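Letter by letter, the chains look like this.
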Amino acid sequence: MTGMADPRKAGEETTTRARLDRGRSALGPALELVHTGRAPTRAVLTAELGVTRATAGAVAAELEALGLIRVDARPAAASGSQGRPSHRLEVAEDGPVALAAQIHADGFRAALVGLGGRIVATTPGCETVDADPAKVLGTVVEAGAELLRATGRRCVGAGLAVPSAVAEPDGLALNPLHLAWPVGEPVRRIFVECVRAAGITGPAFAGNDVNLAALAEHRHGAGRGARDLLCVATGHRGVGGALVLDGRLHTGSSGLALEVGHLTVNPEGRPCHCGSRGCLDVEADPLALLVEAGLDPGPEVSLLQQATDLLRTRYDEPAVRRAAETLIDRLGLGLAGLVNILNPDRIILGGLHRTLLEADPDRLCAVVAERSLWGGQSGGVPILPCTLDHDSLVGAAELAWQPVLDDPLGTLG
């Protein structure tokens, strides 16, 4: 019969289109699997995506064509394994990067971060933070732009980590307590303007530094594999917390969740910036350790560096050990309260808290187990040190990478 389409050909075209659509929809999940190290080979990628080997191969090839990953051309079986060898998958070492910036009480830094949480290049840390956010952000963005010019890397976007709760949807820094910034500064808008002025393409984002550290550790560090992850950290000043629930960062209805620094752990303690007394923020940060040890903090080195050096070089001195034990007990009390409320399956500690954990892990775990409701029955929640260097910077980059992870072809194709 003439003038009629061949049903077999139409069926083949429909099948091909369906396979193509399935492959494209799998690009983002596949890239995230490689990005987080959960798919080191094409065989694992096939199993994780629940697709055929042919589809997984096409997806990997598309991601490689976008310059995001590398597929080993000569597959090899692991030692002692049986069956067909599989192609290894790795992030492209010369691929695109995200510009990451971090501001803290003792300075700021910029870095370029590739897929897999790899820091490709970083600027020296600056130790002076101007009272005008626009000046600080303009300086750190220009430093990042210089890194981009020097390396010639393609940039997918930019992310900023700040030591303040960042309210959504407007991106306002509501409590930059340890910076001389006005309350409620629109840090995200200022950051976006600085990024555009520097000629950097891609979207720009801003978030709380501990939230971003938790995000980075969950994807690439000590929190990988946890379902409900609690992160508590003290950097240069104050104490922050973050929570990953069911694999996603939990920031509350407007970005302000988990201000753990304002849990009271010593009712007769130091006055806190929030108006209360004895908050974790002022009872378990670097300044608190130095004061408990009877030391006068000097201006020549950051408080975090002074406190860390004290624990690592003078821990055997009675005054230093007593100060450390005092902070460990206060931190443990705060963690136990959080365990009772949140029931996480893992706790990770950053900054000085990581060093306190390393100094006396048994004491901290014992305090948390004793003061939490289920500590005795369950054996306690695992408490681990954060493992990433500059995890807030890596987390800031994760904000910029997220649109690519959601839609690689749409953002880069």
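Residues numbered from 1 in each chain as written. Predicted model: local features only at pLDDT ≥ 70, side-chain atom pairs only at ≥ 80, totals over all residues. Heavy atoms only, no water.

**Q** Quick one: what's the story with the nonpolar core, residue by residue and with numbers?
**A** Formed by 37 residues in total, the largest nonpolar core has its most connected members in V232, L289, L335, I347, L349, L352 and L364. Of all the elements in the fold, those that place two or more residues in this core are β10 (229–234), α9 (286–292), α10 (303–314), α11 (318–342), β13 (346–351), α12 (352–359) and α13 (361–371). Once you skip the residues sitting within four places of it in the chain, L335 turns out to touch V232, I347, L349, L364 and V368. If you look at the next biggest cluster of nonpolar residues, it comprises 35 residues, including L33, L66, V91 and A400. (Core = buried A, V, L, I, M, F, W, Y, C linked by side-chain atoms within 4.5 Å. Buried < 20%, exposed > 50% of the residue type's maximum accessible area, 1.4 Å probe, protein only. Helix = DSSP H or I, 4+ residues; strand = E, 2+ residues; numbered from the N terminus. Contact = heavy atoms within 4.5 Å.)

**Q** Just give me the short version of helix α15 (residues 391–406), but keep the residues and values in it.
**A** For α15, built from 16 residues, the straight-helix expectation of 22 Å at 1.5 Å per residue is met to within 8% by its first-to-last C-alpha distance of 22 Å. Across the 16 residues of α15, 13 count as buried, placing the element largely inside the fold. (Expected span 1.5 Å × (residues − 1).)

**Q** Help me get a handle on the packing of helix α3 (residues 42–49) against helix α4 (residues 53–65), residues and values and all.
**A** Packed helices, taken two at a time, are described by the angle their axes make and the gap between the axes. Running from N to C, α3 and α4 point in directions that differ by 110 degrees, and their axes come no closer than 9 Å. Classified by the angle between their axes, α3 and α4 sit roughly perpendicular to one another. Judged by the twist between their axes, the crossing of α3 over α4 is right-handed. Residues R42, L45 and T46 of α3 form the contact with α4, whose own contacting residues are R53, A56, G57 and A60. (Axes fitted to C-alpha atoms, helices over the stretch in contact; angles between N-to-C directions. Parallel < 35°, antiparallel > 145°, perpendicular 65-115°, else oblique. Left-handed = near helix turned anticlockwise from the far one by under 90°.)

**Q** Any details on the sheet that holds strand β6 (residues 155–162)? Residues and values, ideally.
**A** Note on sheets: strands pair through backbone hydrogen bonds, and any given pair is parallel or antiparallel. Taken together, five strands build an open sheet; the order of strands is β5-β4-β3-β6-β9 and the sheet is mixed. The open sheet is flanked by β5 (119–122) and β9 (204–208), the only strands paired with a single partner. Within this sheet the neighbouring strands show an average axis-to-axis angle of 25 degrees, counted without direction. In the sheet, β6 pairs with β9 via five bridges, with the strands oriented parallel. Each bridged residue has a counterpart across the sheet, and for V162 the counterpart in β9 is N208. Sheet contacts for helix α6 (residues 187–197): β3 (97–104), β6 and β9; angle to β9, the most-contacted strand, approximately 145 degrees. Packing against the sheet, helix α7 (residues 209–220) makes contact with β3, β6 and β9, and its axis sits at approximately 100 degrees to β9. (Pairing = 2+ DSSP bridges.)

Geometry only, nothing functional implied.
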